[in-house]
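Structural overview for review
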Amino acid sequence: MHPAGLAAAAAGTPRLRKWPSKRRIPVSQPGMADPHQLFDDTSSAQSRGYGAQRAPGGLGYPAASPTPHAAFLADPVSNMAMAYGSSLAAQGKELVDKNIDRFIPITKLKYYFAVDTMYVGRKLGLLFFPYLHQDWEVQYQQDTPVAPRFDVNAPDLYIPAMAFITYVLVAGLALGTQDRFSPDLLGLQASSALAWLTLEVLAILLSLYLVTVNTDLTTIDLVAFLGYKYVGMIGGVLMGLLFGKIGYYLVLGWCCVAIFVFMFPLLPGAVAHACNPSTLGGRGGRITRSGPCG
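Residues numbered from 1 in each chain as written. Predicted model: local features only at pLDDT ≥ 70, side-chain atom pairs only at ≥ 80, totals over all residues. Heavy atoms only, no water.

**Considerations on helix H7 (residues 158–177)**
To keep it simple, the criterion reads: Think of it this way: any DSSP run of H or I at least four residues long counts as a helix, any run of E at least two long counts as a strand, and we number them from the N terminus. To estimate how far a helix should extend, the number of its residues minus one is multiplied by 1.5 Å.
Taking 1.5 Å per residue as the helical rise, H7 with its 20 residues ought to reach 28 Å, and the 29 Å between its terminal C-alpha atoms agrees with that figure. Of the residues one or two after H7, Asp 179 is the one with positive phi, at around 55°.

Printed below as a string of structure tokens:
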């Protein structure tokens, strides 16, 4: 065919336009991840999880808690063990509450700690300066000694306990000033002080047993009276730190004489109270311990 004819034929026929082919992109399912996504989208999962958690309640109301029977059926072994342990703990607590007074007289100990600030101040003054004190009578109310906070002559355990702890701390301070402090030495100091106190109590009890002396002094009373010596020992150590050996021995000697004067009127009165009850005179609920047992 002639080229002019071809050109005329081409002009008469419409030219077809080539469009890009369309690929079907599969629609991602709710559980499938987008292959072009770099990171997982967890917001939808969290929202679905949150909705799933709130769904059982419905309408914003909290879901009903499972019954104890259902919880027991869910994990019977652990619940049975927990119930058995609680029962054993309750039985042990009841047993301890019933038998604790046999080993530790809690009721009596409460009496020895019935103190107040005024009593502590007066008792400390009496321990350091007992020479001017004249009323050594221990007050009784219906054959029962009154609480220490009402009678400065009554023994207590608060001052001995605090004095023992303070003495151990002051001894550690003295060791520190001498560059000899160590936890082992501090523990040894506390153990030795407690051992000497125990030996003193046992020696007095043995002496009272051998000479067959009747007294209403209990072991706790002896611990209280013997524990008052730590007050003087604290004063001696502190004066030794401030003024050297001279201050230490002067204050320690003063406190030794003071504790002797303090205990001399009280201990024979306790012996007399047990040996000769007929010598006790009661007036207005007050009983006087008079004279040693003759």
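Alright, that's what it looks like, and here's the rest.
**Remarks on the packing of helix H6 (residues 117–128) against helix H10 (residues 229–263)**
We count it as follows: To get an axis, fit a line to the C-alpha atoms, keeping to the stretch in contact for a helix; angles then go from 0 to 180 degrees between the N-to-C directions. Orientation categories follow fixed angle ranges, with anything under 35 degrees roughly parallel, anything over 145 roughly antiparallel, 65 to 115 roughly perpendicular, and all other angles oblique. By definition, residues are in contact when any of their heavy atoms lie within 4.5 Å. Under the grouping applied here, Gly and all other residues not named as nonpolar or charged are polar, the nonpolar ones being Ala, Val, Leu, Ile, Met, Phe, Trp, Tyr, Cys and Pro and the charged ones Asp, Glu, Lys and Arg.
Look at H6 against H10: their axes get within 7 Å of each other, and the N-to-C directions meet at 90°. Put simply, H6 runs roughly perpendicular to H10. Counted together, Lys 123, Leu 124, Leu 126, Leu 127 and Phe 128 of H6 and Val 231, Trp 254, Cys 255, Ala 258, Ile 259 and Phe 262 of H10 form the full contact between these two elements. Looking at the contact of H6 with H10, its residues break down into 10 nonpolar, no polar and one charged.

**A few points about the nonpolar core**
General note: in soluble globular proteins, nonpolar side chains tend to be found buried as a group. The test is simple: Residues belong to one nonpolar core when they are buried, are Ala, Val, Leu, Ile, Met, Phe, Trp, Tyr or Cys, and are joined through side-chain atoms within 4.5 Å. Only protein chains enter the accessibility calculation, which uses a 1.4 Å probe; a residue is then buried when its area is under 20% of its type maximum, exposed when over 50%, and partly exposed in between.
The biggest cluster of nonpolar side chains holds 31 residues, and the ones touching the most others in it are Leu 127, Ile 159, Phe 225, Tyr 228, Tyr 230 and Phe 262. Looking at this core, the elements with two or more residues in it are H6, H7, helix H8 (183–210), helix H9 (219–227) and H10. Among residues more than four places away in sequence, those in contact with Ile 159 are Tyr 119, Val 120, Lys 123, Leu 124, Leu 127, Tyr 228 and Val 231.

**Let's talk about the side chain of Asn 153**
So the rule is basically this: Definition of a polar contact: a pair of N or O atoms within 3.5 Å, with one able to donate and the other able to accept a hydrogen when the atoms are protein atoms, and with sequence-neighbouring residues admitted only if both atoms are side-chain atoms.
Tracing the sequence through the fold places Asn 153 in the loop between strand E2 (144–145) and H7. Here His 133 takes part through its side chain, which lies 3.2 Å from a polar atom of the side chain of Asn 153. Within the structure, Asn 153 has its side chain in polar contact with the backbone oxygen of Glu 137 (distance 2.9 Å). Setting aside its immediate chain neighbours within four residues, Asn 153 contacts Leu 126, His 133, Asp 135, Trp 136, Glu 137, Val 138 and Leu 266.

**Brief notes about the environment of Ala 147**
Looking at where Ala 147 falls in the secondary structure, it is placed in the loop between E2 and H7. The exposure class assigned to Ala 147 is buried, which follows from its relative accessible area of 16%. With residues near it in sequence (within four places) discarded, Ala 147 still touches Tyr 111 and Ala 114.

**A short note on the pattern of salt bridges**
Stated formally: What counts as a salt bridge is simple: a side-chain nitrogen of Lys or Arg found within 4 Å of a carboxyl oxygen of Asp or Glu.
Considering all chains together, one arrives at two salt bridges under this definition. Put simply, Lys 123 and Asp 156 hold a salt bridge, and the shortest N to O gap is 3.7 Å. Placement of the pair is Lys 123 in helix H6 and Asp 156 in the loop between E2 and H7, with a sequence separation of 33 residues. Residue Asp 156 is classed as buried on the basis of its relative accessible area, which comes to 0%. Of the charged contacts in the structure, one is a salt bridge between Lys 229 and Glu 200, with a shortest N-O distance of 3.0 Å. Taken together, the residues Lys 229 in helix H10 and Glu 200 in helix H8 connect sequence positions 29 residues apart. Looking at Glu 200, the relative accessible area reads 26%, which means it is partly exposed.

**Some words on the confidence of the model for the protein chain**
The condition is simple: The score called pLDDT rates the predictor's confidence residue by residue, from a low of 0 to a high of 100.
The predicted model of the protein chain has a mean per-residue pLDDT of 74, with 61% of residues at 70 or higher. Here residues 45–58 is a poorly scored stretch, pLDDT under 50, and it has four contacts once near neighbours within four places are set aside; other chains count. Across residues 277–294 the pLDDT falls below 50, and counting only partners more than four positions away or on other chains, this stretch makes 36 contacts in the model.

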